[in-house]
Amino acid sequence: MRKPLRAGAAATNTTTRLKWGTVVTLGMMALAVVSAAAQTEFKYFGPDGPAHWGQLDPAWTACGSGHEQSPVDFGPLTLLTELRRKPVPVEYERSTGQIFNNGHTVEIETEGHNVLVLGGIEYELQQFHFHGLSEHTFAGKGNDMEMHLVHKSATGVNAVVGVRMERGVSSGALASIFAQLPNDLDVHHPLTAPFNPRNFLPADREYYQYEGSLTTPPCTEGVHWFVLKDPITVSSEDLAQFHERIHFNARPVQRFSR
């Protein structure tokens with residue numbers, strides 16, 4: 001038989017239970033906040049579309065009030081002054097990767113030593129993905145798709161190579177990637193064969209460079225953009241297969257106020 005607790009011990013016990021109850025409640029509230037933030041969703045139309053991204057989550061305010069937002073239109077003056085008449089500074093090699101559909105795009109996470117070098121700093125290729133239609137435009141004219149090769153430095157700064165894609169006879173080196181477009185969501189599938197990202201680029205690798213942002217929330221600024229002058233091709237069949245899975249995922253152009 002348990003001895004009855006003394007009054008002082010009982011009070012201490014009650015206080016301890018109350019404290020633990022408060023801790024648990026606060027913990028549950030914190031988890032709820034984190035869960036809500038993680039579940040914030042965005043779309044490309046309607047009340048959750050690009051015009052409202054900055055209001056959907058406090059961490060996404062740059063989408064509505066940033067000063068260096070992407071994508072942009074390269075107008076006549078920009079076309080004359082910003083062209084870098086040299087190949088984009090990438091060093092790519094034979095690589096492997098995993099492909100998945102995250103609901104907003106089809107993304108390939110890459111494995112291998114693929115870097116973009118800027119100012120002596122290496123930015124390692126993390127993934128590449130696609131947008132349809134193209135996000136960047138030239139003198140108001142867009143293309144059928146755009147591929148983004150996303151690199152990141154050791155300090156977390158992003159550098160992105162943008163490659164516009166127009167409808168053509170074939171998808172070239174990307175044909176094997178499009179042949180493996182997944183039908184399920186958020187399931188990673190190893191690619192069946194290695195690839196070299198260099199083969200995804202056009203023969204002429206001159207580019208336009210500017211400072212911008214991610215084109216999806218949180219629209220983080222400080223991104224180094226390298227948009228190639230020449231497009232590559234994508235076959236009508238591959239374009240249709242992509243749009244069966246991702247209907248539309250292009251942010252409108254933003255003001256080029258640099």
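Cut-offs applied
- Residues numbered from 1 in each chain as written.
- Predicted model: local features only at pLDDT ≥ 70, side-chain atom pairs only at ≥ 80, totals over all residues.
- Heavy atoms only, no water.
- Helix = DSSP H or I, 4+ residues; strand = E, 2+ residues; numbered from the N terminus.
- Contact = heavy atoms within 4.5 Å.
- Areas by Shrake-Rupley, 256 points an atom, 1.4 Å probe, with all protein chains shown as cover.
- Phe/Tyr/Trp six-rings, centres within 6.5 Å; stacked < 30°, edge-to-face > 60°.
- Buried < 20%, exposed > 50% of the residue type's maximum accessible area, 1.4 Å probe, protein only.
- Lys NZ or Arg CZ within 6 Å of the ring centre and 35° of its normal.
- Polar contact = N/O pair within 3.5 Å; in protein donor to acceptor, adjacent residues only side chain to side chain.
- Pairing = 2+ DSSP bridges.

Caption draft 1: Highlighting the overall build of the chain. Helix and strand content of the chain: six helices and 14 strands. Restricting to contacts in the chain with at least 6 residues of sequence separation, those with at least 24 account for 65%. In the form shown here, the chain has an accessible surface area of approximately 13700 Å², with 57% of it arising from carbon and sulfur atoms.

Caption draft 2: Layout of the packing of aromatic side chains. Using the criterion set out here, one finds 18 aromatic pairs in the structure. Seen from their ring centres, Phe42 and Trp53 are 5.3 Å apart, and the 75° between their planes marks the pair as edge-to-face. With Phe42 in the loop between α1 (7-38) and α2 (53-56) and Trp53 in helix α2, this pair connects stretches of sequence that are 11 residues apart. Classification of Trp53 by relative accessible area gives buried; the value is 0%. When the ring of Phe130 is compared with that of Phe178, the centres are 5.1 Å apart and the planes differ by 40°; the resulting orientation is tilted. Of this pair, Phe130 sits in strand β7 (residues 121-131) while Phe178 sits in helix α5 (residues 175-178), and the two are 48 residues apart along the sequence. With relative accessibility at 4%, the residue Phe178 sits in the buried group. Members of the aromatic cluster, each reached through a chain of ring pairs, are Phe42, Tyr44, Phe45, Trp53, Trp60 and Phe248. The ring of Phe138 carries Arg164 above its face, with NZ or CZ at 4.0 Å from the centroid.

Caption draft 3: Summary view of the side chain of Arg205. Residue position: Arg205 is located in the loop between β11 (189-190) and β12 (207-213). From its side chain, Arg205 meets the backbone oxygen of Pro202 in a polar contact 3.1 Å long.

Caption draft 4: The pairing of strand β4 (residues 96-101), seen in detail. Pairing between β4 and strand β5 (residues 106-111): six bridges, direction antiparallel. The partner of Gln98 across the bridge, within β5, is Glu109. Counting the residues in the hairpin turn of β4 and β5 gives four residues, including Gly103, whose phi is positive at 95°. Across two bridges, the pairing between β4 and β11 is antiparallel. Directly across from Ile99, in β11, lies its bridge partner His189.

Caption draft 5: Quick look at unusual backbone geometry. The peptide bond linking Ser70 to Pro71 adopts the cis configuration, its omega dihedral lying at 5°. Relative to the elements of secondary structure, Pro71 occurs in the loop between α3 (62-65) and β1 (73-74). Backbone geometry at Asp186 places phi at a positive 60°, although glycine is not the residue there. Mapping Asp186 onto the fold places it in the loop between α5 and β11. For Cys219, which is not glycine, the phi dihedral falls at a positive 60°. Structurally, Cys219 can be placed in the loop between β12 and β13 (221-228). What makes Cys219 buried here is its relative accessible area of 0%.

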